[in-house]
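These are the residues of each chain, in order.
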Amino acid sequence: MDQLAAMRAFVRVVESGSFTRAADILALPKATLSKQIQQLETHLSTRLLHRTTRQVTVTPDGAAYYERALAILTDVDELDGSLSTNLTCPRGRLRIDISPSLATGILMPALPDFFARYPEIHIDIGCTDRPVDLVGENVDCVIRVGEIRNSSLIARRIGELNFAAAAAPSYIARHGEIQHPKDFEKDHVMVRYFSATTAHYYAFDFIRGAEEVEVLGRYSVALNDGNAYISAGLAGLGVILCPIFMMQEHLDARTLVRVLPEWHTQPMPIHVVYPPSRHISNRLRVFVDWVAELFARSTRARAAT
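Visitor: How should I be thinking about the layout of surface pockets in this particular structure?
Guide: Unoccupied space between atoms shows up once a probe the size of one water molecule is rolled over them. Space inside the largest pocket adds up to approximately 1700 Å³. In this structure, the largest pocket is lined by 47 residues; those nearest its centre are Val145, Gly146, Ser195, Tyr202 and Met268. Of all the secondary structure elements, the ones that give two or more residues to the lining of the largest pocket are helix H6 (100-117), strand S5 (141-145), strand S8 (189-194), strand S9 (201-202), strand S10 (204-208), helix H8 (226-234), strand S13 (240-243) and strand S15 (268-274). Classifying every residue of the lining of the largest pocket gives 25 nonpolar, 13 polar and nine charged.

Visitor: I would appreciate a short explanation of unusual backbone geometry in the present structure.
Guide: Backbone phi values are negative for most residues with the exception of glycine, while trans is the configuration of most peptide bonds. Here Ala27, not a glycine, exhibits a phi torsion of approximately 55 degrees, which is positive. The topology assignment puts Ala27 in the loop between helix H2 (19-26) and helix H3 (30-44). Owing to a relative accessible area of 68%, Ala27 belongs among the exposed residues under this scheme. Of note in the backbone geometry, Ser45 takes a positive phi value of approximately 60 degrees without being a glycine. Given a relative accessible area of 66%, Ser45 falls into the exposed group.

Visitor: When you look at the pattern of salt bridges in this model, what are you seeing that I'm missing?
Guide: Should their charged atoms come close, side chains of opposite charge can pair. All told, the structure shown has twelve salt bridges when counted by the stated rule. Among the salt bridges present, the one from Arg117 reaches Glu293, with a minimum N-O distance of 3.6 Å. Taken as a pair, Arg117 in helix H6 and Glu293 in helix H10 (residues 282-304) lie far apart in primary sequence, 176 residues in all. Of the residues examined, Glu293 reaches a relative accessible area of 38% and is grouped as partly exposed. The shortest N-O distance in the salt bridge between Glu160 and Arg157 comes to 3.1 Å.

Visitor: For this particular structure, what's the right way to read the environment of Pro261?
Guide: Mapping Pro261 onto the fold places it in the loop between strand S14 (257-258) and S15. Spatially, the C-alpha atoms of Pro261 and Ala164 are 7.8 Å apart, while their sequence positions differ by 97 residues.

Visitor: I'm lost on the packing of aromatic side chains in this one. Help?
Guide: Each aromatic ring pair is characterised by the separation of its centres together with the angle its planes make. A full pass over the atoms with the stated rule returns 14 aromatic pairs. When the centroid spacing of 6.2 Å and the interplanar angle of 35 degrees are considered together, the rings of Tyr193 and Tyr202 count as tilted. Here a set of aromatic residues connected by ring pairs shows up, and it is made of Phe114, Phe115, Tyr118, Phe287 and Trp290.

Visitor: I would appreciate a short explanation of the pairing of S10 in the present structure.
Guide: Strand residues, when the strand is regular, have side chains that alternate between the two faces of the sheet. Both S10 and strand S11 (residues 211-215) contribute to a ladder of five bridges, which runs antiparallel. From the neighbouring strand, Phe204 faces S11, where its bridge partner is Val215. With antiparallel pairing between neighbouring strands as the criterion, S10 and S11 make up a hairpin whose turn holds two residues, including Gly209 at a positive phi of roughly 60 degrees.

Visitor: Teacher, can you tell me more about the packing of helix H1 (residues 3-16) against H2 here?
Guide: Helix packing geometry: the angle between the two helix axes and the distance between the axes. Their axes nearest at 8 Å, the elements H1 and H2 cross at an angle of 125 degrees. Taken together, the axis directions place H1 and H2 in an arrangement best described as oblique. Here H1 runs over H2; the crossing is right-handed. Of H2, the residues touching H1 (which contributes Arg8, Ala9, Arg12, Val13 and Ser16) are Phe19, Arg21, Ala22, Ile25 and Leu26. Across the contact of H1 with H2, the residue classes tally to six nonpolar, one polar and three charged.

Visitor: When you look at the side chain of Glu41 in this model, what are you seeing that I'm missing?
Guide: Tracing the backbone through its elements, the reader meets Glu41 in helix H3. Once you skip the residues sitting within four places of it in the chain, Glu41 turns out to touch Thr46, Arg47, Leu48, Leu49 and Arg51.

Each value, and the rule that gives it
Chains are numbered independently. Their residues run from 1 in the order of the written sequence. In view of the model being predicted, local features appear only for residues whose pLDDT reaches at least 70, and side-chain atom pairs are presented and counted only at 80 or more, with totals across whole chains, interfaces and linings using the full set of residues. Note that water and hydrogens are dropped before the side-chain values are worked out from all heavy atoms of the structure. The definitions used throughout rest on a 1 Å grid laid over the protein atoms alone, on which a cavity is an enclosed set of points accommodating a 1.4 Å probe that cannot get out and a pocket is an open set flanked by protein within 12 Å on both sides along at least five of seven lines; lining residues are those having an atom within 4 Å of a point. Grid points are joined across faces, edges and corners, and a volume is the space filled by probe spheres set on the points. Numbering of helices and strands runs from the N terminus, with a helix taken as a DSSP run of H or I at least four residues long and a strand as a DSSP run of E at least two residues long. All amino acids are sorted into three groups, where Ala, Val, Leu, Ile, Met, Phe, Trp, Tyr, Cys and Pro are nonpolar, Asp, Glu, Lys and Arg are charged, and the leftover types, Gly among them, are polar. The buried label goes to any residue with under 20% of its type's maximum accessible area, the exposed label to any with over 50%, and the partly exposed label to all in between, with areas taken from a 1.4 Å probe on protein chains only. Here, a salt bridge means any Lys or Arg side-chain nitrogen found within 4 Å of an Asp or Glu carboxyl oxygen. Pairing of aromatic rings covers Phe, Tyr and Trp, the last through its six-membered ring, and needs centres within 6.5 Å; plane angles under 30 degrees mean stacked, over 60 mean edge-to-face, and all others mean tilted. For two strands to count as paired, DSSP must find a minimum of two bridges between them. Lines fitted to C-alpha atoms define the axes here, with helix axes fitted over just the stretch in contact, and angles between the N-to-C directions of these axes take values from 0 to 180 degrees. Reported orientations rely on four angle classes, namely roughly parallel under 35 degrees, roughly antiparallel over 145, roughly perpendicular from 65 to 115, and oblique for the rest. By convention, the crossing between two helices is left-handed when the near helix turns anticlockwise from the far helix through less than a right angle, and right-handed when the turn is clockwise. In this description, contact between two residues means that some pair of their heavy atoms is separated by no more than 4.5 Å.

Now the structure itself:
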């Protein structure tokens with residue numbers, strides 16, 4: 001029996017709560033994973049897991065073994081990563097999750113630079129806005145917009161999103177210029193945005209000096225996808241409030257024009273988030289440092305335009 005492989009299999013089953021999910025994470029047949037656990041239990045002469053058709057739970061002996069196994073595996077991974085070849089040329093697979101708009105607008109165009117620096121790192125990228133169980137889903141890190149409320153995770157602020165209000169020339173031709181945010185409550189229409197995960201509708205908030213205005217306003221259409229949201233603005237369906245980087249090419253082409261330019265909105269922070277650990281792999285460390293540099297540079301440049 002490969003005890004280290006069996007130990008990794010056991011840790012993944014405990015963290016994911018499922019043989020099926022653990023097998024997917026480890027890219028193993030479920031039968032192979034089950035055999036590894038059985039051999040480990042035979043070797044230790046104790047039952048580590050309670051198995052039913054509905055769930056997998058850890059026994060008291062299994063819970064104690066899990067804590068020791070996790071510490072051992074962390075030390076092994078750190079030892080592997082401390083070798084000089086991995087320090088100078090980190091290698092291995094990273095699994096990350098990032099919102100589709102950030103992936104398309106910022107991350108993807110810059111990835112050739114990352115791979116030029118670190119050609120032995122391979123990245124699996126999930127493009128979602130949903131909450132991710134980093135440990136259970138074996139995800140190394142996520143990149144998210146907004147405040148991070150899970151205090152058990154490590155969140156490193158890497159930039160911020162700056163927003164602006166804009167509309168299509170066809171909309172302005174029909175409805176006229178917007179003089180004040182309160183115009184949305186009577187003479188103008190906005191395109192609303194709501195969260196795909198919570199269904200929460202976001203208000204428009206505007207700041208000018210000491211004056212702050214939050215507007216719910218009137219709308220004909222609301223969306224929960226950034227690309228569709230911009231398309232609604234381009235179609236003249238209303239005024240949109242959008243991250244500048246997402247609509248910069250349309251502002252440059254004058255297919256969208258800024259409205260209320262003397263007003264601004266509160267920027268939203270961007271974080272890279274990863275699980276707490278005594279050690280992180282060198283490949284995750286270099287990616288986090290690189291992506292922090294990328295987003296800080298990109299969001300500063302876009303805020304200045």
